[in-house]
Amino acid sequence: MLDIAKLAGKIPGISQHFKQEMTASYQRLEQAQIILQETQQRQQELIEQYKTWRDRLIFSAAIPIEPLDTCLTIPTPPYSHSVFATDGSQISPSHHEIAYCYLINVGRVMLHYGQNLHPLLDSLPEVYYRPEDLYVSKKWGIRTEEWLGYRRTVLEAQLLSEMGCGWVNPPGAHYQPNLAMVDGSLVYWFLDGLAHDARDLILPPIQEAWEQLRAARIPLMGYLSASRSVEGVNFLRLHSCTFDTPNCVVNCMNLGEKKAPCQIIEPLRDTNLWGQNLEPGERGPLWQSSARILDLYSEPQRIYFCYVNVGTEIARVEFPAWVVEDEALLNQALGIMLAQVSKGYGYPVALAESHNQAVIRGGDRVRFFALLEQQMIQVGLQNVGTSYKEARKRGSIA
């Protein structure tokens, strides 16, 4: 077992370094609180500045749509409600295996509360082996493993919509409040670097699935634990700018390794700042994300977010615009989310269970390829087997 105390004693000055870092962190937080209060006095002015100079900035900032000192208590969730969640896992392709293919396994969870109904906990696996599945991404320079992750994101959205809408629409309990949850952000940053043809195979199916949720009035939420976002803190940089105009391209491009004058509280994150202001069960102001990739989203699907003190951490929760525009739907979603965190002892239970349903362990991978080998032999294929490298890895003589 690693003796941390002994290790620390062998690193000269480690205790002093930690003290200095802690002191600097407290100072940044104190300074950030002052800047936050000052920024609030100029909030609308700074929003107009950001809209005017956005194309000349070297950072992306979110736009607050509520006062920066907003701290609202999240309402109690309705007694009867349903929660839907999906999460995915995969087996990546390998030239050393029995066949060059990949598998995506999407875990589905549907939990009902106050309705005396059975839950749904299962997973739907799908094998991809056709050339168009394995090699289509090569023409865009995208690795197969990377493309596999994008395809998994699409499947998670589609199966979430199918599950939720299939239940909410008759003959399901469509009169009960609902919430559809995904683990992670609804802002798909990876799309920014993709070719247009590649994007067209990923984003439209996701947006279509979200539209189906919208039609069924099932609020959609992305839940981010331990968020590292600085979109909110970056808005404060507009107030800290020392130049007449926030034109980063002209004012700050020749600073070299020096920090810009507006980076005085870096590397403070949004969760650090709002963690000082929110009590358990409260949310902060709503923000509109300005990530450039959202220009590809339809207007009702543009992403908004807020920070919530869920008791164990400051979580970032994201919604499409159509959820934010309906105050009752937004409060319903937040209340159900907070109840999920409570039931999951610090993390939404529906998301935790969908992950558990989706996860593929080492034994599952071995059984999958063994089953595939049996099927290939049954249909008459010969010379079926793994590479010598894979065979030696599975049967060591050491």
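Values in this document were obtained by computation on a predicted structure and should not be read as measured data.

Q: Kindly report on the overall build of the chain, identifying the contributing residues and their values.
A: Within the chain one finds 14 helices and 11 strands. Going through the 398 residues of the chain one by one, you find that 49% of them count as buried. Residue pairs at least 24 apart in sequence account for 75% of intrachain contacts in the chain once pairs closer than 6 positions are excluded.

Q: Help me get a handle on the pattern of salt bridges, residues and values and all.
A: Enumeration according to the criterion identifies 14 salt bridges in this entry. A salt bridge links Glu 132 to Arg 130, with the shortest nitrogen-to-oxygen separation between them at 3.7 Å. Within the structure, one salt-bridge network assembled from shared partners comprises Arg 130, Glu 132 and Asp 133.

Q: Describe the packing of helix H5 (residues 144-168) against helix H6 (residues 196-215), listing the residues and the values that go with them.
A: Packing of H5 against H6 leaves a shortest axis separation of 8 Å and a crossing angle of 15°. Considering the angle they form, H5 stands roughly parallel to H6. Where H5 crosses over H6, the two elements pack in a sense that is left-handed. The residues of H6 that touch H5, namely those facing Trp 147, Tyr 150, Arg 151, Thr 153, Val 154, Ala 157, Gln 158, Leu 160, Ser 161 and Cys 165, are Ala 198, Leu 201, Ile 202, Pro 205, Ile 206, Ala 209, Trp 210, Gln 212 and Leu 213. Partitioning the contact of H5 with H6 into residue classes produces 14 nonpolar, 4 polar and 1 charged.

Q: Before we move on, could you go through the nonpolar core and cite the residues and values that matter?
A: Among the nonpolar cores identified, the biggest contains 68 residues, and Phe 319, Leu 334 and Met 337 are the most heavily contacted of them. Ala 61, Ala 62, Val 233 and Leu 278 belong to the second-largest nonpolar core, a separate cluster that totals 27 residues.

Q: Which residues make up the pairing of strand E5 (residues 120-128), and what values go with them?
A: When strand E4 (residues 102-113) meets E5, the two strands line up antiparallel, connected through 9 bridges. Of the residues in E5, the one forming a bridge with Asn 105 is Pro 125. The turn joining E4 and E5, which pair antiparallel and follow one another in sequence, is formed by 6 residues; a positive phi near 65° is taken by Gly 114.

Q: Go over the confidence of the model for the chain with me, naming the residues and quoting the values.
A: When pLDDT is averaged across the chain, the result is 87; 84% of the residues are at 70 or more. Long-range and interchain partners of residues 386-392, a stretch whose pLDDT sits below 50, account for 10 contacts in this model, where long-range means more than four residues apart.

Q: Which residues make up the packing of helix H3 (residues 43-53) against helix H7 (residues 231-240), and what values do they have?
A: Relative orientation and spacing of two packed helices are given, respectively, by the angle between their axes and the distance between those axes. Look at H3 against H7: their axes get within 10 Å of each other, and the N-to-C directions meet at 95°. In terms of orientation, H3 and H7 fall into the roughly perpendicular class. On H7, the residues that touch Gln 43, Leu 46, Ile 47, Gln 49 and Tyr 50 of H3 are Phe 235, Leu 238 and His 239. Per-class residue counts for the contact of H3 with H7 are 5 nonpolar, 3 polar and no charged.

Q: Account for the state of the cysteines, naming residues and giving values.
A: According to the stated counting rule, one finds 0 disulfides in the structure shown. Cysteine Cys 241 is unpaired, with the sulfur of Cys 262 as its nearest cysteine sulfur at 6.2 Å. The exposure class assigned to Cys 241 is partly exposed, which follows from its relative accessible area of 22%.

Calculation criteria
- Residues numbered from 1 in each chain as written.
- Predicted model: local features only at pLDDT ≥ 70, side-chain atom pairs only at ≥ 80, totals over all residues.
- Heavy atoms only, no water.
- Helix = DSSP H or I, 4+ residues; strand = E, 2+ residues; numbered from the N terminus.
- Buried < 20%, exposed > 50% of the residue type's maximum accessible area, 1.4 Å probe, protein only.
- Contact = heavy atoms within 4.5 Å.
- Salt bridge = Lys/Arg side-chain N within 4 Å of Asp/Glu carboxyl O.
- Axes fitted to C-alpha atoms, helices over the stretch in contact; angles between N-to-C directions.
- Parallel < 35°, antiparallel > 145°, perpendicular 65-115°, else oblique.
- Left-handed = near helix turned anticlockwise from the far one by under 90°.
- Nonpolar A, V, L, I, M, F, W, Y, C, P; charged D, E, K, R; others polar.
- Core = buried A, V, L, I, M, F, W, Y, C linked by side-chain atoms within 4.5 Å.
- Pairing = 2+ DSSP bridges.
- pLDDT = per-residue confidence, 0-100.
- Disulfide = S-S within 2.5 Å.

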